[in-house]
Amino acid sequence: MNGKVLVLGASGRFGRHAEQAFKTAGWQVRCFDRGGDLVRAARGADVIVNGWNPPYARWQAELPDQTEQIIAAAKQARATVLAPANVYVYGPGSPRVLRETTPHTATNPLARARKAAEMALRSSGVRVILLRAGDFLDDRASGNWFDRVMIKGLSRGRLTYPGPLDAAHAWAWLPDLARAAVQLAGMRRRLRPFEEVLFPGYTLTGKELAEEVSVALDRRIRAGRMSWLPLRAMAPVWPFARHLVEMRYLWSMPHQLDAERFNELLPGFRHTAPATALASALRVDIDPHKPVARQALALDQRA
């Protein structure tokens, strides 16, 4: 079931991919970044996609008002809100497999801001699809962990990793996440009034991520630990560093997102292979005559 969608923050990471994915699927797409009257812009929309994401330092100040604006617009238009969510709400010591029923025990400032926004949506009375995902992988440099930190040493054969190399971590390939969002939006009338769906994406340790990058580049890349000392030293005077440090535990806490509800709703969804996604993120081509599995095997034999 297609229709009209209003994308908020279409110049951002998720919003950019959502705009393209909805257009590809045949929806009528309008974009709204900032300014203007959101309630008026949302008139006639069937779905409002929330791609707004202010900088960390402004979450507590801006998220409440943004959320209320979105709720007001959705009520006026009788639209469904589709909002991406993250794993920040899960506190240290959460179980390895994170489910829709896993308690949101995180108490740091970023988590509190996200929890409050989600609670406001849940209690608003508007129809909501909350699509929760791990750290983003993008097809262009967009300021995420992967392109800002991890791949800076690839020319030296090194992937710089922020946590223990054997701790599982959740990742989401943004083009896949946007495709899933479109499919869920199309079935919105068959979903619960507040539907939280966990996007399984990729679950990779630091070592496994380095192996997938090795396949994408067709050369050996080894993972090494990142030092947090510079960020800790800058945290008292640089809010961005302070927020990165406060979320450090997610790199040490093994976790993956449960796929049960996702697979129930989208049983035929095909995830992009990790090495293929990473090749796109790194802007390299994988030889189509040399399957990824064969490349991985050849890599293992050379090690």
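Model, not experiment: these values are computed from the prediction.

## Let's talk about helix α7 (residues 206-217)
Thinking step 1. In this model, α7 (twelve residues) spans 16 Å end to end at C-alpha, consistent with the 16 Å of a helix rising 1.5 Å per residue.
Thinking step 2. Taken residue by residue, α7 has Gly-206, Leu-209, Ala-210, Val-213, Ser-214, Val-215 and Ala-216 as its buried positions.
Thinking step 3. Looking one or two places after α7, you find Asp-218, whose phi comes out positive at around 60 degrees.

## So, the sheet that holds strand β9 (residues 169-173)
Thinking step 1. Across the sheet, which stays open at both edges, the three strands sit in the order β7-β9-β11 with mixed pairing between neighbours. On the outer flanks of this sheet lie β7 (135-137) and β11 (202-204), each paired with one strand and no other. Ignoring which end each strand starts from, the neighbouring axes of this sheet average 40 degrees apart.
Thinking step 2. Pairing between β7 and β9: three bridges, direction parallel. Within β9, the residue paired with Asp-135 across the bridge is Trp-171.
Thinking step 3. Running at roughly 110 degrees to β11, α7 makes contact with β9 and β11 of the sheet.
Thinking step 4. Its contacts with the sheet place helix α12 (residues 274-281) against β7, β9 and β11, and it is angled at close to 65 degrees to β9.

## Structural notes on the sheet that holds strand β1 (residues 4-8)
The strands making up a sheet associate through hydrogen bonds between their backbones, and the pairing can be parallel or antiparallel.
Thinking step 1. The strand order across the open sheet built from six strands is β2-β1-β3-β4-β6-β10, with neighbouring strands paired in parallel fashion. Of all strands in the sheet, those bounded by a partner on one side alone are β2 (28-32) and β10 (194-198). Between one strand and the next, the sheet's axes are offset by a mean angle of 20 degrees, whatever the strand orientation.
Thinking step 2. Sheet topology note: the β1/β2 ladder contains five bridges and is parallel. Bridge assignment links Val-7 to a residue of β2, and that residue is Cys-31.
Thinking step 3. Relative to strand β3 (residues 47-50), helix α3 (residues 59-77) is tilted by about 170 degrees, and along the sheet it contacts β1, β3 and β4 (80-85).
Thinking step 4. Strand contacts of helix α6 (residues 174-186): β3, β4, β6 (128-132) and β10, with the helix running at about 155 degrees to β6, the strand carrying the most contacts.

## A look at the pairing of β3
Thinking step 1. Residue alternation in β3 divides its side chains into two sets, Val-47 and Val-49 and Ile-48 and Asn-50, and both sets are buried.
Thinking step 2. As judged from the four bridges shared by β1 and β3, these two strands associate in the parallel manner. Note on β3: the bridge partner recorded for Val-7 is Val-49.
Thinking step 3. As judged from the three bridges shared by β3 and β4, these two strands associate in the parallel manner. Each residue of the ladder has a partner; that of Ile-48, found in β4, is Val-81.
Thinking step 4. What joins β3 to β4 is α3, and the crossover it makes is right-handed.

## Considering the side chain of Gln-66
Thinking step 1. Along the polypeptide, Gln-66 turns up in helix α3.
Thinking step 2. You can call Gln-66 buried: its relative accessible area is 8%.

## Some remarks on the confidence of the model for the protein
Thinking step 1. Predicted confidence across the protein gives a mean pLDDT of 93, with 93% of residues reaching 70 or more.
Thinking step 2. Counting contacts from residues 291-303, a segment whose pLDDT is below 50, to residues more than four positions away or on other chains yields 18 contacts.

## Brief notes about the pattern of salt bridges
Thinking step 1. Taken as a whole and assessed by the stated rule, the structure comprises twelve salt bridges.
Thinking step 2. What emerges from the salt-bridge pattern is a single network uniting Glu-118, Arg-122, Arg-132 and Glu-196.

## Examining the environment of Thr-24
Thinking step 1. Its place among the elements puts Thr-24 in helix α1 (residues 13-24).
Thinking step 2. Residue classification places Thr-24 among the exposed residues on the basis of a relative accessible area of 61%.
Thinking step 3. Spatially, the C-alpha atoms of Thr-24 and Leu-38 are 24 Å apart, while their sequence positions differ by 14 residues.

About the cut-offs
Residues numbered from 1 in each chain as written. Predicted model: local features only at pLDDT ≥ 70, side-chain atom pairs only at ≥ 80, totals over all residues. Heavy atoms only, no water. Helix = DSSP H or I, 4+ residues; strand = E, 2+ residues; numbered from the N terminus. Expected span 1.5 Å × (residues − 1). Buried < 20%, exposed > 50% of the residue type's maximum accessible area, 1.4 Å probe, protein only. Pairing = 2+ DSSP bridges. Axes fitted to C-alpha atoms, helices over the stretch in contact; angles between N-to-C directions. Contact = heavy atoms within 4.5 Å. Right-handed = clockwise from strand over helix to strand, strands pointing away. pLDDT = per-residue confidence, 0-100. Salt bridge = Lys/Arg side-chain N within 4 Å of Asp/Glu carboxyl O.

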